[in-house]
Amino acid sequence: MKPKSADILVTNGIVLTLDAGDTKIINGAVAIAKDTITAVGPADEFGDWSVSQEIDANGGIIMPGLINCHTHAAMTCFRGLADDLQLMTWLNDHIFPAEAKLDEHKVFWGTLLACAEMIMSGTTCFCDMYLYEDAVARAAKEAGVRAGVGDVLYDFDSPNDGPSEKGFEYTQTLIDTWKGDPLVSIAVEPHSTYLCAPELLKKAFNLAQAFNLPLVIHLAESKSEVEQIRKRYGRTPVEHLAELEVLAPNVLACHCVELTPNDITLLQRSDVKVAHNVESNMKLASGVAPIPCLLKEGICVGLGTDGCASNNDLDLFLEMDTVAKLHKVKTLDPTAMDARTVLRMATIQGARALGLDESIGSLEKGKKADLIIIDTHKPHLTPMYNPVSHLVYAAMGSDVRTSIINGAIVMEDGHLKTINLKNVLNNVTRIANEIRAG
């Protein structure tokens, strides 16, 4: 019999698989060959394996990497630029003017900074909606991070593409350029119902359907948005998309704060996925999305951070903690949004929201090797009665020690392997000085 072998064996840790049965292995191991998980089980079952590299989890937690379902990575360049403002004031008076000064150089370095922050805080996959997305794709590829990218489409001229027709051409170029890439995938991304005419929305939807891609859109993010769409079309934003027949299982609706019961029914009927961005919604005072209601109706919900200009970090561990606690106080129910539910939103449900649950989101044989190790030898993580509870209520991104994406070690013992962090920090600081100078 041929001896069993692995390129990497991650061992001596509590394995949380996040599979359908929430399998937990107290002293477990994960075997990786090339980019794929080849075995998951008790550590003592791997004693006779031939292993090229062994990673000792030192009793920590071995788990799937976190999945950020909605962000604008290059907005790291605008972190703290315009805080404590209303959404539309923040967007129209500060963010759009700043974005008019963007170029591929700024987006590339801002995205590399975001990738460093995400890797170091346990995120192994993100879905981006922004400008100059080929630069986002190149930065993610260089950093070794899994990414879904799409250039945002508007009715007005984009800083990147100009008229919307050019935006569709740019999206088609992204589709052609990145087809079959192991890390980068493409999405079609109209900004919202209030910045996209019905014809643009339908054209974007048809493009997504033609290439079997996700369609990502901001939806029902605030009361003012809903009022605007009601005044313009006589319907809610969700009803507007339903009328246009732009609701389907490949649609990822970001935010979904202001929903009516009928909106929820429409989302459920079409199996639309939702990206919940709790900290951004709180910071912009947009409201509290009815996530417990969505989950009760069987709607898939993943977690997102949104961009660093409205959060102001990309730490999904902090996001999980906030999600669980905010909905408890909103519903006055301490059992709402339990730790298991929230952790699955950040992993396997996030993968499903992006259409990637067959390949990532849980530690199972045959899936891509995207995993992280949590150092639990910390005062705030001791004692540990329930690892899942700890991950949601006590752990922080800084507790992540090692990150593996697509079988490649991108951070080991807290040291980035794919990014020159000093170089990135220097470049983004220069960019911020340019923005500050006007």
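Notes on the structure follow. (Residues numbered from 1 in each chain as written. Predicted model: local features only at pLDDT ≥ 70, side-chain atom pairs only at ≥ 80, totals over all residues. Heavy atoms only, no water.)

1. Some details on the pairing of strand β11 (residues 215-219)
Inference 1: Counting buried positions along β11 yields five of five residues, so the element is predominantly enclosed.
Inference 2: Side chains of β11 alternate between two faces, with Leu215, Ile217 and Leu219 and Val216 and His218 buried alike.
Inference 3: In this structure, β11 lies alongside strand β12 (residues 251-255), joined through five bridges in parallel fashion. When the bridges of β12 are listed, Leu215 appears paired with Val251. (Buried < 20%, exposed > 50% of the residue type's maximum accessible area, 1.4 Å probe, protein only. Helix = DSSP H or I, 4+ residues; strand = E, 2+ residues; numbered from the N terminus. Pairing = 2+ DSSP bridges.)

2. A look at the pairing of strand β5 (residues 61-64)
Inference 1: Pairing of strand β1 (residues 5-16) with β5, which is carried by two bridges, proceeds in the parallel orientation. For Ile14, the partnering residue across the bridge sits in β5 and is Ile61.

3. A look at the environment of Met118
Inference 1: Turning to its location among the elements, Met118 is positioned in helix α2 (residues 104-120).
Inference 2: A C-alpha to C-alpha distance of 8.5 Å links Met118 and Gly397, two positions 279 residues apart in sequence.
Inference 3: Those residues within four positions of Met118 in sequence are excluded, and the remaining contacts are Asn68, Thr123, Phe126 and Leu314. (Contact = heavy atoms within 4.5 Å.)

4. Observations concerning helix α8 (residues 261-269)
Inference 1: Of all the positions in α8, only Asp263, Ile264, Leu266 and Leu267 are classed as buried. The buried residues of α8 occupy an angular sector of 160° when the element is viewed end-on, so they sit on one face. Seen from the open side of α8, the exposed residues pointing more than 90 degrees away from its buried face are Pro261 and Arg269.
Inference 2: In this structure, the buried residues of α8 make contact with β11, α7 (237-243) and α10 (291-296).
Inference 3: Directly beyond the C-terminal end of α8, a positive phi value near 55° is found at Asp271. (Arc of directions from axis to C-beta.)

5. Thoughts on the sheet that holds strand β13 (residues 273-276)
Inference 1: Taken in spatial order, the four strands of this open sheet run β11-β12-β13-β14, and their pairing is parallel. If you trace the sheet from one side to the other, it starts and ends with β11 and β14 (301-303), each paired once. Adjacent strand axes in the sheet meet at a mean angle of 30°, parallel and antiparallel pairs treated alike. (Axes fitted to C-alpha atoms, helices over the stretch in contact; angles between N-to-C directions.)

6. Quick word on the pattern of salt bridges
Think of it this way: side chains of opposite charge can pair up when their charged atoms draw near.
Inference 1: One pass over the full model with this rule turns up 19 salt bridges.
Inference 2: Notably, a salt bridge pairs Asp22 with Arg340, separated by 2.3 Å at the nearest N-O pair. Taken together, the positions of Asp22 in the loop between β1 and β2 (24-33) and Arg340 in helix α12 (residues 339-345) put the pair 318 residues apart, joining distant regions of the chain.
Inference 3: Across the salt bridge formed by Asp271 and Lys273, the nearest N and O atoms sit 3.3 Å from each other.
Inference 4: Take Asp271: its relative accessible area is 28%, and that puts it in the partly exposed class.
Inference 5: Via salt bridges that share partners, Asp22, Arg340 and Arg344 belong to a single interconnected network. (Salt bridge = Lys/Arg side-chain N within 4 Å of Asp/Glu carboxyl O.)

7. Focus: the side chain of Asp313
Inference 1: If you trace the backbone, Asp313 turns up in the loop between β14 and α11 (316-331).
Inference 2: Notably, Asp313 is buried but unbridged: the nearest opposite-charge side chain belongs to Arg79, and the N-O separation is 6.7 Å.
Inference 3: For Asp313, the side chain forms a polar contact with the main-chain nitrogen of Asp315, separated by 3.0 Å.
Inference 4: In this structure, Asp313 is in contact with Arg79, Glu117, Glu279, Thr305, Cys308 and Leu318, ignoring residues within four places of it in sequence. (Lys, Arg positive; Asp, Glu negative; His and termini not counted. Polar contact = N/O pair within 3.5 Å; in protein donor to acceptor, adjacent residues only side chain to side chain.)

8. Remarks on the packing of aromatic side chains
Inference 1: Tallied over the full model, the rule gives five aromatic pairs.
Inference 2: Ring centres of Phe46 and Trp49 lie 4.9 Å apart, and the angle between their planes is 50°; on these two criteria the pair is classed as tilted. You'll find Phe46 and Trp49 in the same group, each marked buried.
Inference 3: Geometrically, the ring pair formed by Tyr154 and Phe156 is stacked, given 4.5 Å between the ring centres and 20° between the ring planes.
Inference 4: You can call Phe156 partly exposed: its relative accessible area is 34%.
Inference 5: Among the aromatic residues, those joined into a ring-pair cluster are Phe96, Tyr154 and Phe156.
Inference 6: Here the guanidinium or amino end of Lys203 rests over the ring plane of Phe168, the centre of that ring lying 4.5 Å away. (Phe/Tyr/Trp six-rings, centres within 6.5 Å; stacked < 30°, edge-to-face > 60°. Lys NZ or Arg CZ within 6 Å of the ring centre and 35° of its normal.)

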